[in-house]
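Residue-level structure breakdown
Below, each chain spelled out in residue letters.
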Amino acid sequence: MYKIEAKNIHTFYGKTQVLKDISLAIRPNTVTAFIGPSGCGKSTLLRCFNRMNDLTENFRLDGLITIDGRDIYSPKIDVTLHRKKVGMVFQEPNPFPKSIFENVAYGLKVNGLRHKKFLAETVERSLRQAALWDEVKDDLSKPAMELSGGQQQRLCIARALAVEPSVILMDEPASALDPISTAKIEELIYELKKKYTILIVTHNMQQAARVSDKTAFFYMGELIEYDDTSRIFTNPKSQQTQNYITGRFG
Amino acid sequence: MNKQRTHQRKDTAFRYLALACTGLGLLVLALLLYDIFARGSGRLSWDFITHLPSRFPEKAGILTALAGMVSVMVLTMIFAFPVGIATGIYLEEYGTRNRFARILEINIANLAGVPSIIYGILGLEIFVRFCRLGNSILAGALTLALLILPVIVVSTREAIRAVPRSFREGSLAMGATQWQTIWNVVLPSAFGGIITGLILAISRAIGETAPLIVVGALVYVPFIPEGPLDQFTVLPVQIFNWISRPQAGFATNAAAAIIVLLTFTFVLNGIAVYLRHKWYKKVKH
């Protein structure tokens, strides 16, 4: 049974076609890495799954994307409700200019959950899951902006986890971080896949090899190859994939 | 080597030129302030502020003008602030996608540059005559509200635009609605900028004379206004009137009243600068 299925996805910004006939299926509790040179459409595809592209003017999508068997572009889907089920972590850590607690509680509060004890419990659980609790538990009222970049990114992960999504999208989550913070995020991804289905866009080949079960290689808006990560990195079918992962272009 | 030296010389020359220009502006301002204070500070007293107007310069005070000014400003804020902020939010967050909004945008920017006397004439026609408000505080406040609306709209939009896109995306990706995103994330981050715009707008309104004269602010009001439909005068109109009197005593009064008016403006601008500094530090960390 697949968690996420994309069938014949074509996307356009105005008249420019970005993705061409993408089809892939993702099993639950796996990490799938999207790799490829800049502008290949991997981020665009990632943003299709929580419909963030809806915010872009003139964006159009053809094809079918289902999560848990449900067509997420169906007119019956409530977009805000859908986005609660599909969390997202962005390239730059983007905590709100609020306290640590308020950041993590944000998703709950906008959903009308205001019970104090429940909020406190959820905030703690989410921060623990994001491996940040021990570093911040003494002062949750501290402004999130005063945390280090790596801590901010884990805070953003905690924030996404608080609303209990089943899928987490990560758009180059470690590209703005130092190596130690990156290692922490990678460990975290490994832990999180026990509960969540994770899709991660990355420019870092070693990272893709380390954290993911499956890897999809994109080039010029097309899905060139999609297979087990071990296969992609040791014995890719396509010459283009081979060239990219060995650093001959991109 | 030679070229390098020419470049450096030009650089130095430009720096001194810029310094001289800045100095000139400051010098003129200093002279102006000195002149006003030299003439008016002797006349400043508690009596001057609490006395009603009089035809004898040494008995005349600015109480009615102050009361009128405060009433007009409070009403102006009530009318202009919510409408201006809401318009700014609409244009920046909702309305960027259609032609109508673009046309609106250009026109609002133009409106901010329309001479204030034109607003006075508009106010006279619409509020004083058509709405039959007469030369009342309400008519004056509505006119000033129109005058500062474009300023508020433009500054609100700029403040909102300065909020990083990533904040919005972060909030929307959590399943917040657009309004929740605006209310919880965008507005708090833009608050400093918006407040700054509001204060600058109101400090502009305080100094306006022309539109209020057209709308019918009286030069002599012997009583404190009690309701929004009462007649009124404001400080700049009072100053204008005193300056046009032949007696020397009134010129001194005018100078003293200018000091009071300047104090209001400086305090408001000071608050604006303080808030801007405080909020930018908070958001930009």
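Computed from a predicted model, the values in this text were never measured in an experiment.

Basis of the calculations
- Residues numbered from 1 in each chain as written.
- Chains lettered and ligands numbered in written order.
- Predicted model: local features only at pLDDT ≥ 70, side-chain atom pairs only at ≥ 80, totals over all residues.
- Heavy atoms only, no water.
- Salt bridge = Lys/Arg side-chain N within 4 Å of Asp/Glu carboxyl O.
- Helix = DSSP H or I, 4+ residues; strand = E, 2+ residues; numbered from the N terminus.
- Pairing = 2+ DSSP bridges.
- Core = buried A, V, L, I, M, F, W, Y, C linked by side-chain atoms within 4.5 Å.
- Buried < 20%, exposed > 50% of the residue type's maximum accessible area, 1.4 Å probe, protein only.
- Contact = heavy atoms within 4.5 Å.
- Buried area = accessible area lost by both parts, 1.4 Å probe.
- Polar contact = N/O pair within 3.5 Å; in protein donor to acceptor, adjacent residues only side chain to side chain.
- Domains from an automatic or database assignment.
- Axes fitted to C-alpha atoms, helices over the stretch in contact; angles between N-to-C directions.
- Parallel < 35°, antiparallel > 145°, perpendicular 65-115°, else oblique.
- Left-handed = near helix turned anticlockwise from the far one by under 90°.
- Phe/Tyr/Trp six-rings, centres within 6.5 Å; stacked < 30°, edge-to-face > 60°.
- Lys NZ or Arg CZ within 6 Å of the ring centre and 35° of its normal.

Residue and element names in this part refer to chain A. This model, assessed by the stated rule, comprises 25 salt bridges over all chains. In this structure, R125 engages E164 in a salt bridge whose closest nitrogen and oxygen atoms are separated by 3.2 Å. Here the residue R125 occupies a position in helix 4 (residues 116-129), and E164 occupies one in the loop between helix 6 (149-162) and strand 7 (167-171), the gap between them amounting to 39 residues. The partner of E186 in a salt bridge is R210, and the shortest N-O contact between them spans 2.6 Å. One end of the pair, E186, is in helix 7 (residues 179-192); the other, R210, is in helix 8 (residues 205-211), with 24 residues separating them in the sequence.

In this section: the environment of L133 of chain B. Tracing the backbone shows L133 of chain B in the loop between helix 5 (116-130) and helix 6 (137-161). Sequence separation of L133 of chain B and L229 of chain B is 96 residues, and the distance between their C-alpha atoms is 7.0 Å.

Glancing now at the pairing of strand 9 (residues 214-219) of chain A. Residues and elements named next belong to chain A. One ladder, built from four bridges, connects strand 3 (residues 31-35) with strand 9; its direction is parallel. Within strand 9, the residue paired with I35 across the bridge is F217. Sheet topology places strand 9 next to strand 10 (residues 222-228); six bridges connect them, and they run antiparallel. Note that in strand 10 the partner of F217 across the bridge is E225. Counted between consecutive antiparallel strands, the loop separating strand 9 from strand 10 contains two residues, among which M220 sits at a positive phi close to 50 degrees.

Where strands meet in a sheet, backbone hydrogen bonds hold them as pairs that are either parallel or antiparallel. Ordered by their spatial adjacency, four strands build an open sheet running 2-1-4-5 (chain A), and the pairing between neighbours is antiparallel. Across the chains shown, the open sheet's two edge strands, defined by having one partner strand only, are strand 2 (16-26) and strand 5 (70-71) of chain A.

What follows covers the nonpolar core. Judged by nonpolar contacts, the single largest core of 70 residues is most densely connected at I62, M69, V72, M73, L235 and W242 of chain B. Of all the secondary structure elements, the ones that give two or more residues to this core are helix 3 (63-94), helix 5, helix 6, helix 8 (178-207), helix 9 (210-215), helix 10 (235-243) and helix 11 (248-284) of chain B. Here the element with the most residues in this core is helix 8 of chain B; it accounts for 13 residues. L132, L192, Y196 and M205 of chain A belong to the second largest nonpolar core, which has 40 residues in total.

Residue and element names in this part refer to chain A. Although it is not a glycine, E172 sits at a positive phi angle of roughly 45 degrees. Assignment of secondary structure puts E172 in the loop between strand 7 and helix 7. Its identity is not glycine, yet M220 carries a phi of approximately 50 degrees, on the positive side.

The element helix 10 of chain B is largely enclosed, with a buried count of seven among its nine residues. Every buried residue of helix 10 of chain B is listed here: L235, P236, V237, Q238, I239, N241 and W242 of chain B.

Attention shifts here to the interface of chain B and chain A. It is common to give the size of an interface as the accessible area lost on bringing the parts into contact. Opposite the 21 residues of chain B that make contact, chain A presents 25 residues. Taken over both partners, the interface formed by chain B and chain A buries close to 2000 Å², and the fraction arising from carbon and sulfur atoms is 61%. Summed over the shared surface of chain B and chain A, the result is one salt bridge. We note a salt bridge from E169 of chain B to R47 of chain A, for which the minimum N-O separation is 2.9 Å. Here chain B and chain A share five residue pairs in polar contact (both at pLDDT 80 or more) between them. Elements with a contribution of two residues or more to the side of chain B that touches chain A: helix 7 (165-173), helix 8 and helix 11 of chain B.

Residues and elements named next belong to chain B. In terms of domain boundaries, chain B breaks down into domain 1 (2-43) and domain 2 (47-284). Here domain 1 and domain 2 have C-alpha centroids that lie 31 Å from each other. Contacts between the two partners involve seven residues from domain 1 and, on the opposite side, 12 residues from domain 2. Here domain 1 packs against domain 2, burying approximately 780 Å² in sum over the two surfaces, 75% of which is carbon and sulfur. Sorting the residues of domain 1 by area buried against domain 2 places I36, R39 and R43 first, and these three jointly supply 70% of that buried surface. For the pair domain 1 and domain 2, the interface holds zero salt bridges. Counting across the domain 1 and domain 2 interface gives three residue pairs in polar contact (both at pLDDT 80 or more).

A separate point is the sheet that holds strand 3 of chain A. All names here are of chain A. A sheet is described by the order of its strands in space; here six strands give the open sequence 6-7-8-3-9-10, paired in mixed fashion. The open sheet is flanked by strand 6 (86-89) and strand 10, the only strands paired with a single partner. Pairs of neighbouring strands in the sheet enclose a mean axial angle of 15 degrees, with direction left out of account.

The next thing to look at is the packing of helix 4 of chain A against helix 6 of chain A. Residues and elements named next belong to chain A. Interhelical geometry of helix 4 versus helix 6 gives an angle of 130 degrees and a closest axis separation of 8 Å. Here helix 4 is positioned oblique relative to helix 6, judged by the angle of their axes. The handedness of the crossing between helix 4 and helix 6 comes out as right-handed. Where helix 4 approaches helix 6, its residues T122, S126, L127 and Q129 are matched on the opposing element by L155, A158, L161 and A162.

The next point concerns the packing of aromatic side chains. The tally for this structure, following the rule as stated, stands at seven aromatic pairs over all chains. Centroid distance F96 of chain A to Y106 of chain A: 4.6 Å. Interplanar angle 55 degrees. Geometry classified as tilted. Here Y106 of chain A lies in helix 3 (residues 100-109) and F96 of chain A lies in the loop between strand 6 and helix 3, a separation of 10 residues in the sequence. Of the residues examined, F96 of chain A reaches a relative accessible area of 0% and is grouped as buried. Summarising the aromatic geometry, the rings of F48 of chain B and W242 of chain B are spaced 6.1 Å apart at their centres and angled 35 degrees between planes, so their arrangement reads as tilted. Residue F48 of chain B is located in helix 2 (residues 46-50), and its partner W242 of chain B is located in helix 10; the two are separated by 194 residues in the primary sequence. Here the aromatic cluster, defined as three or more aromatic residues joined through ring pairs, consists of F48, W242 and F250 of chain B. Note that R245 of chain B overlies the ring of F250 of chain B, its terminal NZ or CZ placed 4.4 Å from the centroid.

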